[in-house]
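So the chains spell out like this:
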Amino acid sequence: MALIQVRDLVKEFNGQTVLSNINLDLREGDVRVLMGASGSGKSTLLRCLNRLVEPTSGSIIFRGNEVLDPKVDVRELRKQIGFVFQQFALYSHLTVLDNVSLGLRKLHKMGKAEAKERALLELSHFDMTAHQSKYPSQLSGGQKQRVAIARALAMDPAVLVLDEPTSALDPVMSRDVADLINRLHGEGITMICVTHDLNLARNIADTVMFLDRGVIRADDRIDVLSKHADPEIKAFFGAEGSL
Ligand SMILES: Nc1ncnc2c1ncn2[C@@H]1O[C@H](COP(=O)(O)OP(=O)(O)O)[C@@H](O)[C@H]1O
Ligand SMILES: [Mg+2]
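Residues numbered from 1 in each chain as written. Chains lettered and ligands numbered in written order. Predicted model: local features only at pLDDT ≥ 70, side-chain atom pairs only at ≥ 80, totals over all residues. Heavy atoms only, no water.

Enquirer: In this structure, what is going on with the pattern of salt bridges? I would like to understand it.
Expert: Any two side chains of opposite charge can pair if their charged atoms end up close together. Counted by the stated rule, this structure contains 16 salt bridges. The salt bridge partner of Arg118 is Glu122, with a shortest N-O separation of 2.9 Å. Placement of both Arg118 and Glu122 in helix α4 (residues 112-125) is noted, with a separation of four residues, approximately one turn of the helix. Through salt bridges with shared partners, a single ionic network connects Asp212, Arg213, Arg217, Asp230 and Glu232. (Salt bridge = Lys/Arg side-chain N within 4 Å of Asp/Glu carboxyl O. Helix = DSSP H or I, 4+ residues; strand = E, 2+ residues; numbered from the N terminus.)

See below:
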């Protein structure tokens, strides 16, 4: 059974339909990529998964339970479904170590020493141990994204959700994030990633879902999408036309 099953998901903002009848399955260990023009609803779809956005209707089943049930403990849900945002969303007034340990203390209710130990372990996996006492402003973009990913993974989530993890990074650092995602995939971490970066998409997944004005119009290999019969889809993935 899928780890997450999205069924007939609809989101309207002020009467405007932003997501219409989205269906999507995320299986354990999957890395799924979602692409689409700005404003097509990608971030909204990701945010529905852990109820940062409340869907208008539909169903999201996570580990057999309905996420949209009003009785669901949203804090518990957000422990399970970790987020990494484009702009890293690190606390600028906290050190690297404190950024990673804060959630462990607040959500996992760990004591200071335990949270520190767990945070340092996670930072060591991302070669960030030497930077533990720095503040975010003292890090490069790639390092900030490593800390953001370490922070999300320290919570031990079932799924890692990445919203444009490379769009604030230069190509070399983007490659670094792609390598990181592949390493995590090898470790069995389930991920769903929104990106505008075709190189990243090609590096981390075999297929891409294409979201167009709130509708998933295609779910296929990039080389197939770049030759798609639908001219809009073909144009979107056209940079791959030479493949
Ligand atoms: N909180 C909100 N209130 C009203 N409209 C919103 C809100 N969040 C997103 N939207 C609208 O929903 C549409 C999809 O936005 P978004 O999911 O951010 O797209 P994407 O991530 O694909 O660029 C856009 O038209 C956006 O203006
Ligand atoms: Mg977005």
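Enquirer: Just to check I follow, could you spell out the sheet that holds strand β7 (residues 159-163) for this structure?
Expert: The strands that make up a sheet pair up through hydrogen bonds in the backbone, lying either parallel or antiparallel. Across the sheet, which stays open at both edges, the six strands sit in the order β6-β7-β8-β3-β9-β10 with mixed pairing between neighbours. The open sheet has two edge strands, β6 (81-84) and β10 (215-221), and neither has a second partner. Averaged over all adjacent pairs, the angle separating strand axes in this sheet is 20°, with direction ignored. Of the pairings in the sheet, the one linking strand β3 (residues 31-35) to strand β9 (residues 207-212) comprises three bridges and is parallel in character. (Pairing = 2+ DSSP bridges. Axes fitted to C-alpha atoms, helices over the stretch in contact; angles between N-to-C directions.)

Enquirer: Quick question: what am I supposed to make of the site of ligand 1 here?
Expert: Neighbouring ligand 1 are Phe13, Val18, Ala37, Ser38, Gly39, Ser40, Gly41, Lys42, Ser43 and Thr44. Taking Lys42, its side chain carries an N or O atom lying 2.8 Å from an oxygen atom of ligand 1. In this structure, an oxygen atom belonging to ligand 1 sits 2.9 Å away from a side-chain N or O atom of Ser43. In the complex, 58% of the free accessible area of ligand 1, which totals 560 Å², lies under the protein chains. Counting residues per element, the shell around ligand 1 draws most heavily on helix α1 (residues 42-49), which supplies three residues. Grouping the constituent residues of the shell around ligand 1 by class yields three nonpolar, six polar and one charged. (Near = heavy atom within 4 Å. Polar contact = N/O pair within 3.5 Å; in protein donor to acceptor, adjacent residues only side chain to side chain. Areas by Shrake-Rupley, 256 points an atom, 1.4 Å probe, with all protein chains shown as cover. Nonpolar A, V, L, I, M, F, W, Y, C, P; charged D, E, K, R; others polar.)

Enquirer: I'm lost on the packing of α4 against helix α5 (residues 141-154) in this one. Help?
Expert: Two measures define how a pair of helices packs: the angle their axes make with one another and the distance between the axes. Running from N to C, α4 and α5 cross one another at 130°; their axes reach a closest spacing of 9 Å. Classified by the angle their axes make, α4 and α5 are oblique. In the crossing of α4 with α5, the sense of the turn from one axis to the other is right-handed. Across from Arg118, Glu122 and Leu123 in α4, the residues of α5 making contact are Ala150, Leu153 and Ala154. (Parallel < 35°, antiparallel > 145°, perpendicular 65-115°, else oblique. Left-handed = near helix turned anticlockwise from the far one by under 90°. Contact = heavy atoms within 4.5 Å.)

So, to be careful, I would describe these as geometric facts and stop short of saying anything about function.
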